[in-house]
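Chains, contacts and geometry: an overview
Here is how the chains run, residue by residue.
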Amino acid sequence: MMDCLKQPAFLVGDIDEDINLSLPPSSGEDYIKRVVIEARQCADVVVADLDPSCVKKPTKAYVETLAGCVEAPENLRPTVEWQQYQVSDFSKLRLYVSQLKDEILVGKRKWRPPDIQLPDVDDYDAWINFCSGGDEKAKPTLNTLFCFNQSNVEQVLEYLVQFVETERRIEYKRGQWIYALLVILEQPLQPDTCSCLRSLARACSVIRADSRELDAQELGALNLIICLVARYFRQWDLADP
């Protein structure tokens, strides 16, 4: 099989090794003969003579790997049945909210904007305070949530995740906002948003594994967020077993 590849593609006749290569070829056949002569003069293997001092040693790239969730103590870990129920309930709620939004868009349902001024989307501190429930009207109602576009949802969610990572706690009202924003978060997830959710789940797992005592309400919020990120938003490697 390989021998056939060594056969010449076409015949060029006898080759005179004494051809004056300084002169231009007189015909196409003459040109091919010159190519053959020059090829015969080339070594089969050529090794470059390099100065080792001129070659830079390869640098070792450092790649930081992101760890998964911290394993929960056995007495704080939710059951699989509980997680499945929460995912099912969350899925139904998302479908319900999506249907309401569609009805508003086509005019089948009336919608009145909430009587509240939302913070500027670029104001981190204002949003953190807003989601703390300092204003009685600052609740994640459907009327308020329908004021958000996806860019706002992703940005405010990122603010809340940063707060959770820094403060290592989730108060009830901020937890409500995180849950509400997850309800209206559209899929497929943008890469930055996916990374944000993974950071949220990891932060929750760290808080849960902390030595301090957690009340039932905070423990439930932590388990719920980890569950939804892992099992609904399909970050399976973060799921509790």
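Note: the structure precedes this text.
Because the structure is a prediction, the values reported are computed rather than measured.

**Some details on the overall build of the protein chain**
Per the secondary structure count, the protein chain includes 9 helices and 0 strands. The N-to-C order of helical and strand elements in the protein chain reads α-α-α-α-α-α-α-α-α. Every one of the 241 residues in the protein chain was classed for burial, and the buried ones make up 34%. Of the contacts formed within the protein chain by residues at least 6 apart in sequence, a portion of 67% connects residues at least 24 apart. When the accessible surface of the protein chain is totalled, it reaches about 16,500 Å², and 52% of it is carbon and sulfur.

**With respect to the packing of aromatic side chains**
Geometry of an aromatic ring pair is reported as the spacing of the ring centres plus the angle between the planes. Going through the model one piece at a time under the given rule, you end up with 9 aromatic pairs. On the basis of an interplanar angle of 85° and a centroid distance of 5.0 Å, the ring pair of Phe 90 and Tyr 232 is categorised as edge-to-face. With Phe 90 in helix H3 (residues 80-105) and Tyr 232 in helix H9 (residues 216-232), this pair connects stretches of sequence that are 142 residues apart. Phe 90 sits in the buried class, given a relative accessible area of 0%.

**Some remarks on H3**
Over its 26 residues, H3 runs 38 Å from end to end, which matches the ideal 38 Å to within 8%, given 1.5 Å per residue. Looking at H3, one finds that the buried residues are Gln 83, Gln 86, Val 87, Phe 90, Arg 94, Val 97 and Leu 100. Two residues or fewer after H3 comes Gly 107, characterised by a positive phi angle close to 85°.

**Details of the packing of helix H8 (residues 191-209) against H9**
The interhelical angle for the contact between H8 and H9, taken along N-to-C directions, is 145°, at an axis separation of 9 Å. H9 is crossed by H8, and the crossing has left-handed handedness. Every residue of H9 that contacts H8 at Leu 197, Arg 198, Leu 200, Ala 201, Cys 204, Ser 205, Ile 207 and Arg 208 is listed here: Glu 218, Leu 219, Leu 222, Asn 223, Ile 225, Ile 226 and Val 229. For the contact of H8 with H9, the per-class residue count stands at 10 nonpolar, 2 polar and 3 charged.

**Concerning unusual backbone geometry**
Cis rather than trans, the peptide bond between Gln 187 and Pro 188 has omega equal to 0°. Inspection of the secondary structure puts Pro 188 in the loop between helix H7 (172-183) and H8. One non-glycine residue with positive phi stands out, namely Arg 168, at about 55°. Mapped onto the elements, Arg 168 comes out in the loop between helix H6 (150-167) and H7. Take Arg 168: its relative accessible area is 51%, and that puts it in the exposed class.

**Quick look at the pattern of salt bridges**
Evaluation of the coordinates by the stated rule reveals 7 salt bridges. When the shortest N-O distance is used, the salt bridge between Arg 169 and Glu 167 registers 2.9 Å. The exposure class assigned to Arg 169 is partly exposed, which follows from its relative accessible area of 33%. Arg 198 is the salt-bridge partner of Asp 237, the closest N and O atoms lying 2.7 Å from each other. Within this pair, whereas Asp 237 is found in the segment after H9, its partner Arg 198 is found in helix H8, the two being separated by 39 residues in sequence. Overall, the relative accessible area of 54% leaves Asp 237 in the exposed class. Linked by salt bridges that have partners in common, Glu 167, Arg 169, Glu 171 and Arg 174 make up one network.

The rules behind the values
Each chain carries its own residue numbering, running from 1 in the direction its sequence is written. Side-chain atom pairs in this predicted model are given and counted only at pLDDT of 80 or more, local residue features only at pLDDT of at least 70, and totals for whole chains, interfaces and linings cover all residues. To get the side-chain values, take all heavy atoms of the structure and skip hydrogens and water. Strands here mean DSSP runs of E at least two residues long; helices mean DSSP runs of H or I at least four residues long; both are numbered from the N terminus. Relative accessibility under 20% of the residue-type maximum defines a buried residue, over 50% an exposed one, and the middle range a partly exposed one, all with a 1.4 Å probe and only protein chains included. Pairs of residues are marked as contacts when any of their non-hydrogen atoms sit within 4.5 Å. In short, Shrake-Rupley with a 1.4 Å probe defines the accessible areas, and a residue's cover is counted only from the protein chains shown. Classification of ring pairs uses Phe, Tyr and Trp, with its six-membered ring standing for Trp, and accepts pairs whose centres are within 6.5 Å; under 30 degrees between planes counts as stacked, over 60 as edge-to-face, and the remaining range as tilted. For a helix, the expected span equals 1.5 Å multiplied by the number of residues minus one. Under this scheme, a helix contributes an axis fitted over its contacting stretch, all axes are lines through C-alpha atoms, and angles between N-to-C directions fall in the 0 to 180 degree range. With the far helix as reference, a near helix turned anticlockwise by less than a right angle produces a left-handed crossing, and one turned clockwise produces a right-handed crossing. Under the grouping applied here, Gly and all other residues not named as nonpolar or charged are polar, the nonpolar ones being Ala, Val, Leu, Ile, Met, Phe, Trp, Tyr, Cys and Pro and the charged ones Asp, Glu, Lys and Arg. In what follows, salt bridge is the name for a side-chain nitrogen of Lys or Arg lying within 4 Å of a carboxyl oxygen of Asp or Glu.

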